[in-house]
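Residue strings, one per chain:
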Amino acid sequence: MTTRTTNEEGVETKEVNCWASPGCHDQCRLLATVKDGQLVKLKGKRKTLNTRATGRAAQLLFRSCPDRLPHLLEWLYHPDQLMHPLKRVGERGENKWERVSWEQALDEIADKLKQIKAKYGAESLALAEGTYRSDMYGIRTRFLNLFGNPGNIGCAGTVCGCNKHALKTALLGTGTIRDIVESAKCIVSDGWNMTQTRRRLWLDIKERLQREEGLKFIVIDPKETEAAKNADLWLQIRPGTDGALFLSWINVIIEERLYDEDFVDKWTFGFDQLKQRASEYTPERVAGITWIPAEKIRESARMYAMNRPATFCMFGVAPDQIGLNGLRVEQAKICLRAITGNLRVEDGETPLGPGPIIHGKMGIRDAMLQLEEKCSPEQRRKQLGADRFKLMTWPGYEIMNKLYQEVYGIPLCMSGHNFLPPQPLVWRAILTGEPYPIKAMFTWTSNALLNASNTKLIYKALKSPNLDLHVVLEHVMTPTALLADYVLPIASKLEKPMCTTVEDFAPVFSCGERAIKPLGERRPDYDIFRDLAIRLGFGEYFPWETEEELADYRLEPLGITFNEAATERYVITSSEPWTYETINPKTGKPTGFATRSGKVELYSNVLEELGYDPLPFYEEPPESPVRTPDIAKDYPLILTTGNRDRPQFHSEQRQLGMGMREQNPDPLVDIHPDTAKELGIANGDWVYIETRRGVIKQKVRFNAGIHPRVVDVASHWWFPEEPAQEPWLHGAWQSNANVLTLDDPEACDPLSGGWALRGLLCKVYKAQMP
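What you are looking at is a predicted structure, and each value in this text was computed from that prediction instead of being measured.

## Let's talk about the nonpolar core
Nonpolar side chains in soluble globular proteins generally cluster together in the buried interior. One finds Trp-249, Ile-250, Ile-339 and Leu-391 to be the most contacted residues of the largest nonpolar core, which totals 131 residues. If one sorts the elements of this core by residue count, helix α8 (residues 242-255) sits on top with nine residues. What Ile-250 contacts, discounting residues up to four positions off in sequence, is Leu-274, Ala-278, Ala-332, Cys-335, Leu-336 and Ile-339. If you look at the next biggest cluster of nonpolar residues, it comprises 39 residues, including Trp-97, Ala-452, Leu-483 and Leu-729.

Now the structure itself:
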């Protein structure tokens, strides 16, 4: 039954999806009140359908976030929101613009793309993208494949969970596993402060801890967070050493025979090789690596293995951001899930096939829109990084796609952020022309100067005369947008409909209608891709004139219209999830896993075929007291860059007047009081944080719960109230953590190209204030 109503005064109330408007992935249902075309009220719907429990009936949640939701209207109607297409008339960074029509902007952009493609090839276009700001990834990849581009997309997804999805696909045959945080008997939180990044999830867990006797909670963090204070075990780890810890867990579980022998025998490949590898990681040895006492390592391993089902909270990204050894952490976690039987269908983190499927029919997922066959083998070989960082580029995709199609009958998604070349290679290709020049860039809701590593290099690339065209699709004028040639105002999630499979990361469709029509001259991003495709000569592949028409096409196989889905169904799931035990109607046998062995690969055939070690292992971060002791003499503290304070999200909501920056007005660096005392620093002082790559300034917050040798700086800070024109760029330099971080290809994860944002070396000293 639809919940859309209109009263006698013409005031309309309807359900919409919040879903990152702005800054979150939870897709909460909201009640929107609209009067005379203006959004006048938003409130959380008490029973909120959420896709977190993918593969089961959608989970019921009973809260919407109290700190962001009250300010969404202030965000939407803030005067800094862009309303018209702009064309640069001064130098990049001068903040000199002229307002132009959409027709002029798109005509000129398309003409420039034609010229660049003719002279330099389709591979000379690159994209920079941000954290899940759209549901048009299938359309973006359709556009790129038709253009002939090999997928040169730089995105934070490489170091923000999407790399895990790619590795799961290699080891499990699917990147999607069921979230069981609402039913697990043991919850492990590694690499994230959920109390700030997923507050609603933390409140769910906290309620369970208070309500359920026997629920175990393990937190792995160098800082004593609110979650750590509520944990049964808090493991205060040295940043960047998570892989060693989990290999030691495997060691303990195998040595003490705490593993699930039946599941291991029936559904895993390579157990004996894993056992041999894990024998190298005794708790005593790993204690010296991680700073965690050996007995705590044993106790935590036993707690995880003996309280089933157990789950790793899926969103922790800190291990993704340590460079060299990043994905080996996830590989060890997958092995732990498998050997303990925590991947079982009955109650575990079950690997899930695609969906949703209703009456034997599957909806049109992103993978079924992407047209990967339109990108020729010759062009595929040109993808940046494909010769070196192979898991998330064409070499890995082609192996995994073949296995996936054999089992599931549809392509593996290459539209999501599980398929990305390393972003550091994009900036270097602009500056050096190697292995070929990048001449055009589209920045799509990404503030790369703030969210990508090595800000100085990015600035040089975006200012370089080598870059002939830079187009930014945005909501507000960011420091990155100030370095564009065209800035195109796109509709926010409240101004556009939604029909998404979450980059094909979930076997569901989540649907919602727009709250209001786009403000000013803003347009949905779908329109931009479609209109450029028409101008570039392949518009026939975009027959849907609107996003609603596209959504109808995607839902048609399920017998559902978009209107029905958006106003009555909201979340569409399969009646039964597709698991490894599902009987394949063609063979009459269980589906198994879409891997070479048909099992969970503890010893990965995919990684071996790509030329990598097939087993998990640990190595030091690229910069650490152990690997680089000479550097540690001058930079004795260990830097991590994940400090966040709600309600701001990444580089969003920094504008004063949105109601969110006011709650946390300054960038804060957490430091232990004893360390600060040694350095002559008081609580509240402004200090400089310095690495070999640069210096920034933040305000000290004493934290007695952080390890004395670790400092945690706030990320993504800029100051929109400061001047736009250079040299200020809205304060992009002064407190920006990525001035400090490391993106040298030699320091990146060899599997994914993930760069190093944490576990680096720094020093801290008091700032000289004017």
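## Topic: empty space enclosed by the protein
Under the defined criterion, the tally for this structure stands at 15 cavities of 30 Å³ or more. If you add up the space inside the second largest cavity, you get close to 480 Å³. Every residue lining the second largest cavity is counted, 33 residues in all, and those nearest its centre are Asn-451, His-650, Ser-651, Glu-652 and His-716. Split into classes, the residues belonging to the lining of the second largest cavity amount to nine nonpolar, 19 polar and five charged.

## Focus: the sheet that holds strand β3 (residues 29-35)
One open sheet holds the four strands; their spatial order is β1-β2-β3-β4, and the pairing between them is antiparallel. Either end of the sheet is taken by a strand with one partner, and the two such strands are β1 (5-6) and β4 (38-44). Sheet analysis places strand β2 (residues 12-17) next to β3, joined by six bridges and oriented antiparallel. The residue of β3 that forms the bridge with Val-16 is Leu-30.

## Some words on the state of the cysteines
This structure, assessed with the given rule, holds zero disulfides. Between Cys-762, a free cysteine, and Cys-748, which holds the nearest cysteine sulfur, the sulfur-to-sulfur gap is 20 Å. Overall, Cys-762 belongs to the buried group, its relative accessible area being 0%.

## Remarks on the confidence of the model for the protein
The predicted model of the protein has a mean per-residue pLDDT of 93, with 96% of residues at 70 or higher. Confidence drops under pLDDT 50 across residues 48-62; counting only partners more than four residues distant or on other chains, this segment forms 58 contacts.

## Points about the layout of surface pockets
Space left empty within the atom packing is revealed by a probe, the size of a water molecule, rolled over the atoms. Its volume calculated, the largest pocket comes out at about 250 Å³. The wall of the largest pocket is formed by Gln-405, Glu-406, Val-407, Tyr-408, Gly-409, Trp-578, Thr-582, Ile-583, Asn-584, Pro-585, Lys-586 and Thr-591.

## Thoughts on the packing of aromatic side chains
Remark: the centre distance and the inter-plane angle together describe each pair of aromatic rings, the angle taken between the planes. Overall, the coordinates contain 26 aromatic pairs when judged by the stated rule. Among the aromatic residues, those joined into a ring-pair cluster are Tyr-137, Phe-143, Phe-147, Trp-444, Phe-529 and Phe-538. The lysine or arginine in question, Arg-142, covers the ring of Phe-542, its NZ or CZ lying 5.9 Å from the ring centre. One cation-aromatic arrangement involves Arg-654 over Trp-717; the distance from NZ or CZ to the ring centre is 4.1 Å.

## A few points about the environment of Leu-42
Inspection of the secondary structure puts Leu-42 in strand β4. Taking the relative accessible area as the measure of exposure, Leu-42 reaches 12% and is therefore buried. Leu-42 sits 473 residues away from Ala-515 along the chain, and the two C-alpha atoms are 9.7 Å apart. For Leu-42, the contacting residues outside a window of four places in its chain are Val-16, Leu-30, Leu-31, Ala-32, Leu-69, Leu-72, Leu-73 and Leu-494.

## Side note on the pattern of salt bridges
Here the structure, examined in full by the defined rule, presents 56 salt bridges. A salt bridge links Asp-485 to Arg-92; the shortest N-O distance between them is 2.9 Å. One end of the pair, Asp-485, is in the loop between β19 (469-474) and β20 (486-489); the other, Arg-92, is in the loop between β7 (86-88) and β8 (97-99), and 393 residues separate them in sequence. Take Asp-485: its relative accessible area is 6%, and that puts it in the buried class. Taking the relative accessible area as the measure of exposure, Arg-92 reaches 8% and is therefore buried.

## Focus: the pairing of β20
The side chains of a regular strand alternate between both faces of the sheet. Burial along β20 is two-sided: the face carrying Tyr-486 and Leu-488 and the face carrying Val-487 and Pro-489 are both buried. Strand direction decides the pairing type here: β7 and β20, joined by two bridges, are antiparallel. By the bridge assignment for β20, Lys-87 is matched with Tyr-486. Taken together, the four bridges between β19 and β20 define a ladder with parallel strand orientation. Looking across to β20, one finds that Leu-473 is bridged to Leu-488.

What counts and what doesn't
- Residues numbered from 1 in each chain as written.
- Predicted model: local features only at pLDDT ≥ 70, side-chain atom pairs only at ≥ 80, totals over all residues.
- Heavy atoms only, no water.
- Core = buried A, V, L, I, M, F, W, Y, C linked by side-chain atoms within 4.5 Å.
- Buried < 20%, exposed > 50% of the residue type's maximum accessible area, 1.4 Å probe, protein only.
- Helix = DSSP H or I, 4+ residues; strand = E, 2+ residues; numbered from the N terminus.
- Contact = heavy atoms within 4.5 Å.
- 1 Å grid on protein atoms, 1.4 Å probe; cavity = no way out; pocket = protein on both sides within 12 Å on 5 of 7 lines; lining within 4 Å.
- Points joined across faces, edges and corners; volume = space filled by probe spheres on them.
- Nonpolar A, V, L, I, M, F, W, Y, C, P; charged D, E, K, R; others polar.
- Pairing = 2+ DSSP bridges.
- Disulfide = S-S within 2.5 Å.
- pLDDT = per-residue confidence, 0-100.
- Phe/Tyr/Trp six-rings, centres within 6.5 Å; stacked < 30°, edge-to-face > 60°.
- Lys NZ or Arg CZ within 6 Å of the ring centre and 35° of its normal.
- Salt bridge = Lys/Arg side-chain N within 4 Å of Asp/Glu carboxyl O.

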